[in-house]
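Listed below, chain by chain, are the residues.
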Amino acid sequence: MNIIKFKVVFCALFALMPFIGVAQTSEDIDVEAIVRGKEGKPLVGATVTTEAGNTVVTDSIGSFSLSTGLYSTLAVAAPEYKPTTVIVTPFVDNISLEPAEGYEDVNVAFRKVEKRNLISGVSFVDLDELMEKNYNTSTLENMEGFANGFHGNIWGMDEYLVLIDGVPRDAGSIMPTEIDQISFLKGVSAVALYGSRAAKGVVQITTKRGKIQKQEIDVRIKAGMFVPKSYPKYLGSAEYMTLYNEARANDGLSQRFDDETIYQHAAGDNPYRYPDVNYYSSDYLQETYNRYDATAQISGGNETAQYYTNLGFYSAGSLLNFGEAENNRTQRFNIRGNVDIDITETLYATVNASAVYYNGWGVNTDYWSGAANLRPNRFSPLIPTSMIEESDENSLQYVNNSSNLIDGQYLLGGTQLDQTNPFAAIYAGGSNNYTSRQFQFNTGIGADLGNLLEGLSFHSNFGVDYSTSYNQSYNNEYAVYEPSWTNYDGDDLIASLTQYGQDARSGVQNISDSWYRQTISFSGQFNYETKIEEDHNVSAMLIANGFQQSISEEYHRTSNANLGLYVGYDYLDKYFVNFSGALVHSAKLPEGNRQAFSPTFTLGWRLSEENFLQNSTVFDELKLTASAGILHTDIDIQDYYLYESIYTQTDGAWFNWRDGALSRSTDSRRGQNDDLTFSKREEINLGVEASLFDNLFQIQGSVFANRMTGGIVQASVLYPNYFETGWPNSSFIPYVNYNDDERVGFDFRADWNQQFGELKTTLGVVGTYYDTKATKRAEMYEDEYQSREGNPLDGIWGLESDGLFASAEEIANSPSQSYGQVAPGDIKYIDQNGDGVIDNQDEVYLGKAGWFGSPLTLGVNFTAEWKDFTFFALGIGRFGAHGMKNSSYFWMDGEDKYSIVARDRWTPETSEIATYPRLTTTNSNNNFRNSDFWLYSTDRFDLAKVQISYNLPKELFAQSFVQELGVYVNGANLLTVSPEREILELNVGSAPQNRFYNLGVKAIF
């Protein structure tokens, strides 16, 4: 069936072939057209050359006319634009040129800037262009491999603001096919105008817009396949039971399972009586599952109005292949419309609207969690009715009365402790439909106010979004059965069944988990640009900006409001000075402290325009920038009214003077602080951008150092101990501005472009490194080595191990371990402070956890183009962080399920080579706690994407309505190279990680 579905994609390709025209003609026609550049503006002085070598130049309105052969080609070029070729047809009337390297526009805060004039602390990705060779299925997929400074977060910070067309939205609310460009605003100058909520960086997403051209339809059809990378590996029943007996022996207890029972489970002659359930086998899971999606983009327009429309749909299944789970699937449909209208010569408007309909059908249970916890010998998921004794009328009556007879021959299995289990729930527990709806709308109006003041303009943007989601489910009750077995003449039979629960289907549809979010945003800005004596360029913006988000079950809205001011000056396109500042407001702070001003400055110097470099054969472009500023933010203030004291009334918290009557007391929970104020991000960053050897090599990078000061904490160590009591529970300690954090690092991007005959190659390397430090903390540790101050913010703290105890004598001669009784085979720890006791005071810094992204992220991308073929590959490396093996897959005690890790356990015979502590059926608090025994490196390099694309030559379509036709195949998440690859690719208690293979066809009409 999967092969048939994939053939559909190929059929779409060949179905278009009859429309392909290959005939040529020598007939001449008259061509009159306009050459356009950025934003559809006519280009003056562009050159148009025919195949015969005749050249014309566009006039003052970008127009040209000439006579040339029908279906011949025209070569079009203009300064600061990439040259292109156009096939002559009777319909050529507008020719669009793309900006040359360095002259493309980049979206930054409330404006566009040419790439060559970017300030430090900004990266961007032209996603529309990238998608031609690297098709993505999610918005920020692998962006750390293209955008320097982005590593899942920005410059080591823990939160960033996502803006889509200027409105705060979720990145997942938009598909990659809708996106034109993604800008990563990192430095203080880049984000200041967005106010408090943007203080830790902004990911600014800009959607596609229409162009002045005849209507164009871009259609893509894709079929993809997910292939799991790995599953957890658990012991089978016999091995589990054997090791469980060993664990009981370690605890001084008798065996739970006899040898005969273990043998029968190992033999597998009757898996219903002696189950050995592999929850990751083909009995329950498919080898692969599919995703299908299609997108249609329609765009066009004239000088008055331009439009862009996107229609998208995808459907994906799941790995589960039994019961109701066979119907598991997710579906998403989206529609977007963007319109730009020139109302008059001085007045224009924009309208963007988008709707997303998402549905997820599933079962009322978490199969993956059950698979990670249910032991293989626990019970058989299905009980065959054919094995019931003929004389067992009671059991046969259960069969006759059951509403859930699976395949007409099985009852649902279970035990008294497993009356609900994922197997039975998937077969009989009902189903769930998750529904999400998102509606996004924003409109803007702008005016050229040059009649009032030359260079003055106005633009506004107003957005309203509404998102809602809920679950609809049928929650059925069901009975499970536990068999009692007997044996007659060597044949196992079910002697009786014990029923737990009842089959019941109410038919009532339940609505639950209802959620909504409403966002209202507004911005209005006056822009001013002027040139003084041709050498001095001045620009300015005055901005009012704000948004509010209302979320279900949250009393206070999330708000952001600020006034912004930008002033920019450059002299001779060589020396730059920029100022960006914002007056921010926060309702989270006490009156009198709710406003603050955030100033930032940027200096720039284009050295390549200096006399000593102007004629350089090495540097085409060389620019240095430096930015500094202070941003005030409330982003880390977790709640409102933290500056106020809180008193609560409790019952009987202290003395009772009224016998037999209820006593009440009023207790303080928090002190008041009317001086609470904003935290501050104080930063300086330096940037360099260079192009060398006629654009053969390009590099761009930043170095940054920032401090987040005045973090909000409620710290008892700052006040006398009588400010807080344990009983009655009382505190007069207020929230204060105290904690300081530091982040330093650098990022870079380097691209090498080389052509070998017809082969064009590009090699890009992107890197980000950051280091964090807690520079000020309200803490009190007896031992200096435990201070969090001076250590990374994402530090992992734990004990330092010293192997496993080999004997009782070694335990007696070692420091006392305070985490419970220990025995040979338990982890031995180092006494850091020499007090003879192993406790929390012996915890030390173990390594970075990479909470905000790996300290070092590297991306390597390679593109090779030969004729109409394109090869693309992307690799991403993440280095410098650590993880803790603390899931149930590694920490096994009590009645836990055993993974294959248990094979490396300590026993007296393996004491010299064991890498895992002894097994126990009691609580193993001593062994299962943070320590370097469980620490592992998360260093990895991933082959994230490989894609091969082929576009049929455009000349084939000269006489048809098809403009372009191509096919591509790609693979994602293909390979992980790491010493700890098995751990990094392992998901415990959740669906597995997958490789993804995708085949697509695209056509432009």
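Residues numbered from 1 in each chain as written. Predicted model: local features only at pLDDT ≥ 70, side-chain atom pairs only at ≥ 80, totals over all residues. Heavy atoms only, no water.

## Details of the packing of aromatic side chains
- In total, this model carries 51 aromatic pairs according to the counting rule given.
- Judged by centre distance (6.1 Å) and plane angle (65 degrees), the rings of Trp891 and Trp934 are edge-to-face. In this pair, Trp891 sits in the loop between strand S48 (882-884) and strand S49 (935-937) while Trp934 sits in the loop between S48 and S49, placing the two residues 43 residues apart along the sequence. Across this residue pair, the class does not change: Trp891 and Trp934 are buried.
- Three or more aromatic residues link up through ring pairs in this structure, and these residues are Tyr231, Tyr234, Tyr279, Tyr280, Tyr284, Phe322, Tyr367, Trp368, Phe423, Tyr427, Tyr889 and Phe890.
- In this arrangement the basic side chain of Arg111 is found over the ring face of Tyr566, its NZ or CZ atom lying 4.1 Å from the centre.
- The ring of Tyr819 carries the charged tip of Arg929 above its face, separated from the ring centre by 3.5 Å. (Phe/Tyr/Trp six-rings, centres within 6.5 Å; stacked < 30°, edge-to-face > 60°. Helix = DSSP H or I, 4+ residues; strand = E, 2+ residues; numbered from the N terminus. Buried < 20%, exposed > 50% of the residue type's maximum accessible area, 1.4 Å probe, protein only. Lys NZ or Arg CZ within 6 Å of the ring centre and 35° of its normal.)

## Points about the pattern of salt bridges
- All told, the structure shown has 48 salt bridges when counted by the stated rule.
- For the salt bridge of Lys38 with Glu114, the shortest nitrogen-to-oxygen distance reads 2.9 Å. One end of the pair, Lys38, is in the loop between strand S1 (28-36) and strand S2 (47-49); the other, Glu114, is in strand S9 (residues 111-114), and 76 residues separate them in sequence.
- A salt bridge links Asp942 to Arg940, with the nearest nitrogen and oxygen atoms 2.9 Å apart. By the burial criterion, Asp942 is buried, and Arg940 matches it.
- Here the salt bridges do not stand alone but share partners, grouping Arg116, Asp573, Arg606 and Glu621 into one network. (Salt bridge = Lys/Arg side-chain N within 4 Å of Asp/Glu carboxyl O.)

## Examining a negative patch on the surface
- On the surface, a cluster of negative charge is made up of Glu27, Asp28, Asp30 and Glu32.
- Its place among the elements puts Asp30 in strand S1.
- Of the residues examined, Asp30 reaches a relative accessible area of 66% and is grouped as exposed. (Patch = residues over 30% accessible without salt bridge, like charges linked within 9 Å, V, L, I, M, F, W, Y side chains within 5 Å. Areas by Shrake-Rupley, 256 points an atom, 1.4 Å probe, with all protein chains shown as cover. Lys, Arg positive; Asp, Glu negative; His and termini not counted. Charge placed at Lys NZ, Arg CZ, Asp CG, Glu CD.)

## Regarding the pairing of strand S35 (residues 697-713)
- With twelve of 17 residues buried, S35 lies mostly within the body of the structure.
- Sheet topology places strand S34 (residues 679-692) next to S35; 13 bridges connect them, and they run antiparallel. Counterpart to Asn685 in the pairing with S35 is Phe704.
- Where S35 meets strand S38 (residues 736-756), 15 bridges bridge the pair, whose relative direction is antiparallel. In the strand pairing of S38, Ser702 is matched with Asp747. (Pairing = 2+ DSSP bridges.)

## Here's the deal with the sheet that holds strand S3 (residues 55-57)
- The four strands lie next to each other as S3-S2-S5-S6, forming an open sheet whose pairing is antiparallel. Each end of this open sheet is capped by a strand with a single partner; those strands are S3 and strand S6 (84-87). Taken over all neighbouring pairs, the strand axes of this sheet differ in orientation by 25 degrees on average, direction set aside.
- Two strands pair when backbone bridges link them, and S2 and strand S5 (residues 73-77) are joined in this way by three bridges, in the antiparallel orientation. (Axes fitted to C-alpha atoms, helices over the stretch in contact; angles between N-to-C directions.)

## Notes on the confidence of the model for the protein chain
- Summarising the model, the protein chain shows a mean pLDDT of 93, and 96% of its residues fall at 70 or more.
- For the stretch residues 1-25, pLDDT sits under 50, and the model shows 42 contacts to residues farther than four places along the chain or on other chains. (pLDDT = per-residue confidence, 0-100. Contact = heavy atoms within 4.5 Å.)

## Thoughts on the nonpolar core
- Ranked by size, the top nonpolar core spans 61 residues in total, and within it Tyr279, Tyr280, Leu285, Tyr367, Tyr898 and Trp934 carry the most contacts.
- Among the secondary structure elements, those contributing two or more residues to this core are helix H4 (237-250), helix H6 (367-373), helix H8 (422-428), strand S43 (827-829), strand S45 (844-848) and helix H11 (981-984).
- For this core, the element with the most residues is H4, which contributes six residues.
- Non-local contacts of Leu285, meaning those with residues more than four positions away in its chain, are made with Tyr231, Tyr279, Tyr280, Leu319, Leu320, Asn321, Tyr367 and Trp368.
- Ranked by size, the runner-up nonpolar core spans 32 residues in total, among them Ala171, Ile182, Phe184 and Phe872. (Core = buried A, V, L, I, M, F, W, Y, C linked by side-chain atoms within 4.5 Å.)

## Focus: the sheet that holds S1
- In space, the three strands of this open sheet follow the order S4-S1-S7, with mixed pairing throughout. Single-partner strands in this sheet number two, and they are strand S4 (63-69) and strand S7 (94-96). If you compare each strand with its neighbour and ignore which way they point, the axes differ by 40 degrees on average.
- Summarising the sheet, S1 and S4 pair through seven bridges and their orientation is antiparallel. Among the inter-strand pairings, Asp30 is bridged to a residue of S4, identified as Ser67.

## Brief notes about the environment of Pro168
- By secondary structure assignment, the location of Pro168 is in strand S12 (residues 167-168).
- Exposure remark for Pro168: the relative accessible area of 6% places this residue in the buried category.
- Between the alpha carbons of Pro168 and Gln548 there is a distance of 9.3 Å; along the sequence they are 380 residues apart.
- Discounting residues that sit within four places of it in the chain, Pro168 has contacts with Leu161, Val162, Leu163, Asp465, Thr519, Ser521, Phe547 and Gln549.

## What to know about helix H5 (residues 259-267)
- Buried residues of H5: Ile262, Gln264 and His265, and no others. Projection of H5 onto a plane perpendicular to its axis shows the buried side chains occupying an angular sector of 160 degrees, all on one side. Exposed residues pointing more than 90 degrees away from the buried face of H5 are listed as Asp259, Tyr263 and Ala266.
- Close packing links the buried residues of H5 with H4.
- Two or three places before Glu260, at the opening of H5, Asp258 has a side-chain oxygen 3.1 Å from that residue's backbone nitrogen.
- Looking at the residues trailing H5, positive phi occurs at Gly268, about 75 degrees. (Arc of directions from axis to C-beta. Polar contact = N/O pair within 3.5 Å; in protein donor to acceptor, adjacent residues only side chain to side chain.)

## Description of the side chain of Asn927
- Counting through the fold element by element, Asn927 comes out in the loop between S48 and S49.
- Within polar-contact distance, the side chain of Asn927 engages the side chain of Ser924 at 3.0 Å.
- Those residues in contact with Asn927 that sit more than four places away from it in its chain are Asp826, Ile827, Tyr829, Pro917 and Trp934.

## Here's the deal with the side chain of Thr857
- Relative to the elements of secondary structure, Thr857 occurs in strand S46 (residues 856-866).
- Setting aside residues no more than four positions away along its own chain, Thr857 makes contact with Glu144, His151, Val766, Gly767, Thr768, Ile876 and Gly877.

## Points about the packing of H4 against H5
- The interhelical angle for the contact between H4 and H5, taken along N-to-C directions, is 155 degrees, at an axis separation of 7 Å. Comparing the axis directions of H4 and H5 gives the class roughly antiparallel. Residues Ser237, Ala238, Met241, Thr242 and Asn245 of H4 lie in contact with H5, whose contacting residues are Thr261, Ile262, His265 and Ala266.
- Of the residues contributing to the contact of H4 with H5, the split by class is four nonpolar, five polar and no charged. (Parallel < 35°, antiparallel > 145°, perpendicular 65-115°, else oblique. Nonpolar A, V, L, I, M, F, W, Y, C, P; charged D, E, K, R; others polar.)

## Describing the environment of Gly745
- Structurally, Gly745 can be placed in strand S38.
- Overall, Gly745 belongs to the buried group, its relative accessible area being 10%.
- With 60 residues separating them along the chain, Gly745 and Asn685 place their C-alpha atoms 9.6 Å apart.
- In contact with Gly745, other than residues within four places in its own chain, are Ser702, Val703, Phe704, Tyr769 and Tyr770.

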